[in-house]
Amino acid sequence: MKNKFLLIAVLGVALASCNMMNNKPSYQLSDLQGLWQENNTEHFVRFTTEQSDEVKYLLGREWDEAEEMTEQDLIDARQKYGFPGNGWFKYWFETTGDLHELHLMDNHGAEIPKEYIVSKLTSTDLEYYEKDKKSNKFFFSKVVEK
């Protein structure tokens with residue numbers, strides 16, 4: 001009888017472990033969209049739902065208020081010149097197997113793509129690192145819209 005209970009306990013632990021290993025994070029594009037602040041600095045990033053000129057990309061904005069730049073400055077410049085300029089970027093977010101990849105591309109000058117792996121994405125936290133330089137990590141907190 002003791003051996004049956006022991007066997008059932010061991011099987012239960014093994015099954016629970018298998019289920020825990022299969023609980024891979026699942027992030028959605030909608031989780032990413034919104035306003036984010038980097039490490040309590042004055043550097044902000046907004047992932048928008050606005051379509052870029054390339055079908056798979058959406059537009060985002062980034063600015064640093066320590067440099068006396070605001071999000072409204074970026075919006076005003078786009079309206080004035082008719083196209084996104086400095087501070088705007090293109091992005092797309094995809095899930096490939098276990099990897100949740102964030103692809104960013106400057107929207108001006110030489111458009112050089114960068115790839116990042118999202119390691120954490122919740123309603124309050126965003127963490128990612130460069131795909132080719134894992135030591136380059138970025139940490140953001142979601143900013144509540146007013």
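Presented here is a report on the structure given in the accompanying data block. (Residues numbered from 1 in each chain as written. Predicted model: local features only at pLDDT ≥ 70, side-chain atom pairs only at ≥ 80, totals over all residues. Heavy atoms only, no water.)

Attention shifts here to the environment of Glu 71. Residue placement: Glu 71 occurs in helix α3 (residues 71–81). It is 8.7 Å that separates the C-alpha atoms of Glu 71 and Gly 87, two residues lying 16 residues apart in sequence. The residues contacting Glu 71, other than those within four sequence positions of it, are Arg 46, Arg 61 and Trp 63. There is a polar contact of 2.5 Å between the side chain of Glu 71 and the side chain of Arg 46. (Helix = DSSP H or I, 4+ residues; strand = E, 2+ residues; numbered from the N terminus. Contact = heavy atoms within 4.5 Å. Polar contact = N/O pair within 3.5 Å; in protein donor to acceptor, adjacent residues only side chain to side chain.)

Time to look at the packing of aromatic side chains. Enumeration over the complete set of coordinates arrives at 9 aromatic pairs. Their ring planes at 55° and their centres at 6.2 Å tell us that Phe 89 and Tyr 91 sit as a pair that is tilted. The class for Tyr 91 is buried, based on a relative accessible area of 0%. Ring centres 5.9 Å apart and planes at 15° place the aromatic pair Tyr 128 and Phe 140 in the stacked group. Of the two residues, Tyr 128 sits in strand β7 (residues 125–130) while Phe 140 sits in strand β8 (residues 137–142), which places them 12 residues apart along the sequence. Each of the two residues, Tyr 128 as well as Phe 140, counts as buried. Ring pairs connect the aromatic residues Tyr 116, Tyr 128, Phe 138 and Phe 140, which therefore count as one cluster. (Phe/Tyr/Trp six-rings, centres within 6.5 Å; stacked < 30°, edge-to-face > 60°. Buried < 20%, exposed > 50% of the residue type's maximum accessible area, 1.4 Å probe, protein only.)

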